[in-house]
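Chain residues, written in single-letter form:
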Amino acid sequence: MKQKLTQSFLQYAGLLGVLVLLIAVFSLSSKNFFQTQTLVTIANSNPDLIFVSVGMTLVLIVAGIDLSVGSLIALGSAVIGVLMVRHEWSLPAAFSVCLLVTGLCGLFNGFVSVWFSIPSFIVSLGMLEMARGGTKVITDSQTMYIGSRVEAFGEPLQWVPLSPAFLVAVMTVIAGQFLLTKTVFGRYCVAIGTNEEAVRMSGIRTAPITIAAFMILGLLCGLASLSQTSRLSSADPNAAIGLELSAIAACVIGGTSLMGGRGSVVASFIGVLIIAVLQSGLAQLGVEDAIKQLITGAVIIAAVLLDALRVRWGRRSG
Amino acid sequence: MTKRYGNVTVLRDVDFDLRSGEIHALLGANGAGKSTLCKMIAGLTEVTAGGMRIEGDVYAPHHKQAAESTGVQIIQQELNLIPTLNVAENLLLNRLPSFAGIVSSRTLHRQARAALDRLQLDDVDTYALVSQLGVGHRQMVEIAAALARECKILILDEPTAALSGSETQLLFDQLSQLRDRGVGMIYISHRLDEVKQIADRVTVLRDGRHVGTETAESMSTDQMVQRMSGEVADERSDEQPDAETRQRATTSAVSADESDRRNDSTVLTVEALCCGMVRDVSFQVRGGETFGIAGLVGSGRTELLRAIFGADRAESGQVCVAGKAPTRFGHPSQAVAAGLAMVTEDRKQNGLLLQQSIRCNTSLSAMIKRFSRFGLIRPAREATVAGQMCRAMETRCTGIEQSVGTLSGGNQQKVAIAKWLTRDADVFLFDEPTRGIDVGARRRIYELFDELASAGKGIVIVSSDLDELMETCDRIAVMSAGRLVETRERSLWTEDAILQASFAGHRTKESQRLTGT
Amino acid sequence: MRHFLLPILFAVAVAGCSSKSDTSTAQSNSADTNERPKVALIMKSLANEFFSTMAEGAKTHQSQHADEYELIVNGIKDERDLSRQVALVDEMVAAGADAIVIAPADSKALVPSLRKAINKGVVVINIDNQLDAEVLASEGVTIPFVGPDNKAGAKQVGDYLAGKLAAGDKVAILEGIRTSFNAQQRLAGFEASMKAAGVEIVSSQSAEWEMAKANSIAASILSEHPDIKAILAANDSMALGAIAAVKSAGKTGEVLVVGFDNISAVQQAIRDGKILATADQYGDKLAVFGIETALQLVNGETDQPSDVETPVDLVTAESL
């Protein structure tokens, strides 16, 4: 058991090292960085990215990719906005429809790419445009201000300064890791990503598994919509543009393979934290925009490199 | 021109000479070393010992380009054309006429036209994409591409497999012209009638050895088959170094074989199955029976197993497993549910998860049935069974967490088999179960056949290794050109007879074709 | 199970240190008043010349008044990255800023987070893009807007153009991002002056402030309505995209183009007569106006936050 614990620590040691290093650097260079307020802000600003990264990890593991997540978030939050503002729906009702819509979009991505053997890259690229267009149609390209009715999910709680959105996101990470490592579904996902033909020839239907992974991502986009909408108190048709790249970056930093078959939800979560800490720290220092981009890119490469070195080193010693 | 080789494992001390202006046919059963010989000549593999000379000069090509620059061209069975380019571009791909990197389209198509005209391929447009051509035309274009380059030696590996009768005739006319121009040609084919028709001399290889070279006229097709299978059995076996070990390895199987374990229940019935090149195949396997399928490479054996297993959708016919209602499986999952298991030919491509652990691979097919409850994996049981399987199969590994990709071929195969043993199947299909694995693993796998048969399972083995089939099977069927041509009890077969039967489909097809035109 | 400890640990760690430093923000704010006040300038995309000019102006001002205040400048990677801008507001509060001067990417969605900043005692000044009055009212906060009257500016440009047109002529408008207040104001200004002059607007589309998009939209408008006499672009980048489209349609000189903002790139175009007019709202000073207002409030020189209108002037070939 002790050995297992050490092992699991080592598994994430590289990533955690990068995270701690980043926090240390920012704490030393900005006097207000190492404070609850800052850490809480980081935690509460990023649940949407966490939700999406959990689902994206699953999709990447089955050797798929979904570029439409940013648009799905915007679509989901537009659904919430339109239903609550124009039709006076309650939040739970509006959120249910939002989940239904984003879940169906995920299902569509998975179904079309699996059934017609079209690369999910292309299908989800199409969905990216469609969902964004749909968002603009239903909102008339106007930001919908909803107000305090949606804020609770994104606001810090009384007894702990974290938002329910963040806590739910952390629970999703735990559930995602459980799904991946402890269930038959997770095992099939990893197996399909490793060699789909071998899984098929083992007498397992791969299509429903792959489609389910895409659908789970769609549903998590719905949760991300709720968290984003409540943080902004409004539904913004331009929300989450480019979020897909941040999510993929977080997964890859966490060691998920774009070729499928390898990945960890917890590692992707740490990947999100690394990106978030970096963004927030650089903002507090007021670093030039161009320099910010340079540093962000460099840290992404460094984190992936460090992980690769750790794996290589581990293989040599093991 | 003379070429010499020596002491290559698949090819031993083969002397072979090719004269200019002759068509020299190369014959042999599966694995006799025909392809290896040609690959060495074409510079695709290196010669281990021995050497070659062309027109008296030492010739030692290290890669295909070197061989081509010396004037040696090979046309392989797999087509090497790029489907998205047009005919002209394919024909002249490695020497596109260009000025400063800009391809001159007019020159290109003029040269391509000339190359096609030589083969009288008037109906092939040089602007057509290769993907728009039929298989026969593609083959012809490939031959034209080889002929377009100046060559002294041309190697053709089964060039007529995809050609129609008239196309074949056209090709033969071209080959005759080339012969008149002094080009030496090596011609590989399973169609013995064709060989009779076109070849000047015939060399027969068997088990990597040179059996004999004679003029084509002096040999009948029956004699060719006899040469390939070997008239004098003793001559062969006492010289084979690993024959003894193999014999010893399988004594247990052979001795157990004495008592017939076959029972009366039929566990697998295949009826009039058709799928692609597989035509109208029917057979039955009884409980405890080991059923072998022999045949030439490309005779449709793998396709047959895939069709039975539902990996490819069969067009017609029925499969019935262990008394269940007869059906045609549309997906392997249905076949597995009915009680079939299949160990595939290419374990890396579609048998194993190479990057995953032995544990994951072993539990894969029986995941839901044995290793989970309410969708949750039961890790303890999974690890226990994986460990048991490793011990039972004598898999050499550092532990059940070792990734399968790092195992040796034989141990990988043991894991691929263990994957099915965890699931209680009624019929096991094995496609080339011992290809490329060591003697120890082979011994263990033969023992396993024995154990499965004793447990009343049905076993179907496809193998190109005739010794293997003769040693392990109760009955052997021979497949030729997509049909099962003959099925007999093992004791009623000789290797010679199996080989004769293997060519049966080709010969009937050929004679049909000749009478038809 | 071991894999699941990690996220929990993180959550606990964040929650755990909350108790000991709940009041740290307030403390640091009051501690900072002894030093120079800290002003956080939150811009839209700094890749856009208009905003980078504004930021440069602010930095120059700060270096001239280095003893009076400290400045942190942050932007977002593109105009629409709303979520990141909201996070920036939170982060600047956490970083102990005394005042936030913000050019909001959205006139509605930023209000709730700015309200939270105000409740933490931070002075907030709105520049460039005016926040939505209704949302401000429903959130119960007042945030002073320091900036030009975009509608009046657009009307000046439109009126100048109308002088060159006859009643009944046809024109097209290239709008900014429709969610932004500025875009709405400038559109309103353009529409008002065209209506007054009796000019018909045959097409009004959003090119989202971008040159490339404006170019393709202008090109399709020109082929759809070959008889239009002018294109009114809601910013200069889009005006530049429009004149390229006019040129490739072979209508240089026939179709008049006007812009807004007076970025350096258009000045030559105005001298050459390719662009008829633009409006200068003194971009380099806009942020400085906001910062000065913020400092007055922080230093207690005024306690009445009220809107400040900054000048907008018409720029034409004559005035250059």
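Residues numbered from 1 in each chain as written. Chains lettered and ligands numbered in written order. Predicted model: local features only at pLDDT ≥ 70, side-chain atom pairs only at ≥ 80, totals over all residues. Heavy atoms only, no water.

J.: Now, about the overall build of chain C: what can you tell me, with residues and values included?
T.: The helix and strand tally for chain C stands at 12 helices and 12 strands. The buried share among the 320 residues of chain C stands at 58%. Partitioning the intrachain contacts of chain C with sequence separation of at least 6 by distance along the chain shows that 74% fall at a separation of at least 24. Working note: accessible area of chain C is about 12300 Å², and carbon and sulfur atoms make up 51% of it. (Helix = DSSP H or I, 4+ residues; strand = E, 2+ residues; numbered from the N terminus. Buried < 20%, exposed > 50% of the residue type's maximum accessible area, 1.4 Å probe, protein only. Contact = heavy atoms within 4.5 Å. Areas by Shrake-Rupley, 256 points an atom, 1.4 Å probe, with all protein chains shown as cover.)

J.: Give me the lowdown on the overall build of chain B, citing residues and values where you can.
T.: Assigned secondary structure in chain B consists of 22 helices and 23 strands. Counting the 517 residues in chain B, one finds 54% classified as buried. If you take every contact in chain B between residues at least 6 apart in sequence, the share linking residues at least 24 apart comes to 66%.

J.: For the interface of chain A and chain C, give the residues involved together with the corresponding values.
T.: In this assembly, 59 residues from chain A lie in contact with 56 residues from chain C. Run the count over chain A and chain C and you get three salt bridges. Between C:Lys116 and A:Glu155 there is a salt bridge, with its nearest N and O atoms 3.0 Å apart. Inspection of the chain A/chain C interface yields nine residue pairs in polar contact (both at pLDDT 80 or more). The set of elements that each furnish at least two residues to the side of chain A that touches chain C consists of helix H1 (2-29), helix H2 (36-45), helix H7 (164-182), helix H10 (207-232), helix H12 (265-285) and helix H13 (289-317) of chain A. For the side of chain A that touches chain C, the leading source of residues is H12(A), giving 10 residues. By residue class, the composition of the side of chain A that touches chain C is 24 nonpolar, 23 polar and 12 charged. (Salt bridge = Lys/Arg side-chain N within 4 Å of Asp/Glu carboxyl O. Polar contact = N/O pair within 3.5 Å; in protein donor to acceptor, adjacent residues only side chain to side chain. Nonpolar A, V, L, I, M, F, W, Y, C, P; charged D, E, K, R; others polar.)

J.: Could you give an account of the pairing of strand S1 (residues 38-45) of chain C, naming the residues involved and the relevant values?
T.: Residue and element names in this part refer to chain C. Across the eight residues that make up S1, a large majority, eight, are buried. Across six bridges, the pairing between S1 and strand S2 (residues 70-76) is parallel. Across the sheet, Ala40 pairs through a bridge with Ile72, a residue of S2. (Pairing = 2+ DSSP bridges.)

J.: Provide a residue-level description of the confidence of the model for chain C, including the pertinent values.
T.: Residue and element names in this part refer to chain C. Overall, the prediction assigns chain C a mean pLDDT of 85, with 89% of residues at 70 or greater. Ranking the elements of chain C by mean pLDDT puts helix H2 (residues 24-34) last with 42 and strand S8 (residues 230-233) first with 96. The model gives residues 15-33 a pLDDT under 50, and that stretch makes 17 contacts with residues more than four places away or in other chains. Across the whole predicted complex the pTM is 0.76, and at the interface the ipTM reaches 0.85. (pLDDT = per-residue confidence, 0-100.)

J.: Lay out the sheet that holds strand S15 (residues 290-295) of chain B in plain terms, naming residues and giving numbers.
T.: All names here are of chain B. Reading across from one edge, S17-S20-S21-S15-S22-S23 is the order of the six strands in this open sheet, with mixed pairing throughout. Unpaired on one side and paired on the other, strand S17 (340-343) and strand S23 (483-489) mark the two borders of the sheet. Between one strand and the next, the sheet's axes are offset by a mean angle of 20°, whatever the strand orientation. Relative to strand S21 (residues 458-462), strand S20 (residues 427-431) runs parallel, the two sharing five bridges. Bridged to Asp431 within S21 is Val462. (Axes fitted to C-alpha atoms, helices over the stretch in contact; angles between N-to-C directions.)

J.: How would you summarise a nonpolar patch on the surface if you had to cite specific residues and measurements?
T.: Residue and element names in this part refer to chain A. Taken together, Phe111, Trp115, Phe116, Ile118, Phe121, Ile122 and Leu125 make up a surface patch of nonpolar side chains, about 700 Å² in accessible area. Those elements giving two or more residues to the nonpolar patch turn out to be helix H5 (91-115) and helix H6 (120-139). Of all the elements, H6 adds the most residues to the nonpolar patch, at three residues. Structurally, Phe116 can be placed in the loop between H5 and H6. (Patch = residues over 30% accessible without salt bridge, like charges linked within 9 Å, V, L, I, M, F, W, Y side chains within 5 Å.)

J.: So what about the packing of helix H4 (residues 69-85) of chain A against H6(A)? Which residues, and what values?
T.: All names here are of chain A. Taken N-terminus to C-terminus, the directions of H4 and H6 make an angle of 20°; their axes are 8 Å apart at the nearest point. In this view, H4 runs roughly parallel relative to H6, as classed from their interaxial angle. Handedness of the H4/H6 crossing: left-handed. Contacts between H4 and H6 involve Gly70, Ser71, Leu72, Ala74, Leu75, Ala78, Val79 and Val82 from the first element and Met127, Leu128, Ala131, Arg132, Gly134, Thr135, Ile138 and Thr139 from the second. Its residues placed into classes, the contact of H4 with H6 shows 10 nonpolar, five polar and one charged. (Parallel < 35°, antiparallel > 145°, perpendicular 65-115°, else oblique. Left-handed = near helix turned anticlockwise from the far one by under 90°.)

J.: Tell me about the interface of chain B and chain A, residues and numbers included.
T.: Much of the literature gives interface size as the accessible area that the parts lose upon coming together. Across the contact, 33 residues belong to chain B and 21 residues belong to chain A. Looking at the side of chain B facing chain A, the largest losses of area belong to B:His331, B:Leu364 and B:Ile377, adding up to 24% of the total buried there. Our count for the contact surface shared by chain B and chain A stands at one salt bridge. Among the ionic pairs, B:Glu382 bridges to A:Arg187, the shortest N-O distance being 2.4 Å. (Buried area = accessible area lost by both parts, 1.4 Å probe.)

J.: So, the packing of aromatic side chains: which residues are in play, and what are the values?
T.: Throughout the structure, instances matching the rule amount to nine aromatic pairs over all chains. With 5.4 Å between their ring centres and 45° between their planes, A:Phe26 and A:Phe33 make a pair best called tilted. Here A:Phe33 falls in the buried class, since its relative accessible area comes to 0%. When the ring of B:Phe309 is compared with that of B:Trp420, the centres are 6.1 Å apart and the planes differ by 90°; the resulting orientation is edge-to-face. With B:Phe309 in helix H12 (residues 301-309) and B:Trp420 in helix H18 (residues 409-421), this residue pair connects regions lying 111 residues apart in the sequence. Note on accessibility: B:Phe309 and B:Trp420 belong to one class, buried. The structure contains a cluster of three or more aromatic residues connected by ring pairs, namely B:Phe428, B:Phe430, B:Tyr446 and B:Phe449. (Phe/Tyr/Trp six-rings, centres within 6.5 Å; stacked < 30°, edge-to-face > 60°.)

J.: Got a sec to walk through the arrangement of the chains? Specific residues and values, please.
T.: The top pair by number of contacts, from a total of two pairs of chains in contact, is chains A and C. A gap remains between chain B and chain C, which never touch, and the nearest two C-alpha atoms on either side lie 12 Å apart.

J.: Residue-level account of the nonpolar core, with values.
T.: Core analysis: the biggest nonpolar cluster contains 170 residues, and B:Leu268, B:Phe283, B:Ile308, B:Leu340 and B:Leu429 have the highest contact counts within it. It is H12(A) that provides the largest number of residues to this core, a total of 13 residues. Excluding residues that lie within four positions of it along the chain, B:Leu429 makes contacts with B:Leu268, B:Leu305, B:Ile308, B:Phe309, B:Leu340, B:Ala341, B:Met342, B:Val343 and B:Val460. The next biggest cluster of nonpolar side chains, apart from the first, holds 75 residues, and it includes C:Phe50, C:Ala218, C:Ile231 and C:Val312. (Core = buried A, V, L, I, M, F, W, Y, C linked by side-chain atoms within 4.5 Å.)

J.: Describe the pattern of salt bridges, listing the residues and the values that go with them.
T.: One pass over the structure, following the stated rule, counts 39 salt bridges over all chains. As a salt-bridge pair, B:Arg443 and B:Glu447 come within 2.7 Å of each other at their nearest N and O atoms. Of this pair, B:Arg443 and B:Glu447 both sit in helix H19 (residues 439-454), four residues apart, which is roughly one turn of that helix. Residue C:Asp159 is joined to C:Lys155 by a salt bridge in which the shortest nitrogen-to-oxygen separation is 3.3 Å. With C:Asp159 and C:Lys155 both in helix H7 (residues 150-162) and four residues apart, this pair spans about one turn of that helix. For C:Lys155, a relative accessible area of 30% corresponds to the partly exposed category. What you see here is one network of salt bridges that share partners, running through B:Glu394, B:Arg443, B:Arg444, B:Glu447 and B:Glu451.

J.: If you had to explain the side chain of C:Asp280 to someone new, which residues and values would you point to?
T.: All names here are of chain C. Mapping Asp280 onto the fold places it in strand S10 (residues 277-280). Of the buried charged residues, Asp280 lacks a salt bridge, with Lys285 as the closest side chain of opposite charge at 8.4 Å. Among the polar contacts listed, one links the side chain of Asp280 to the side chain of Asn262, at a separation of 2.8 Å. (Lys, Arg positive; Asp, Glu negative; His and termini not counted.)

J.: Requested: an account of H19(B), with residues and values cited.
T.: All names here are of chain B. Here H19 spans 23 Å end to end across 16 residues, near enough to the 22 Å set by a 1.5 Å rise per residue. Three or more residues of H19 are buried, namely Ala441, Arg442, Arg444, Ile445, Tyr446, Leu448, Phe449, Asp450, Leu452 and Ala453. Positive backbone phi, approximately 85°, marks Gly456, located one or two places after H19. (Expected span 1.5 Å × (residues − 1).)

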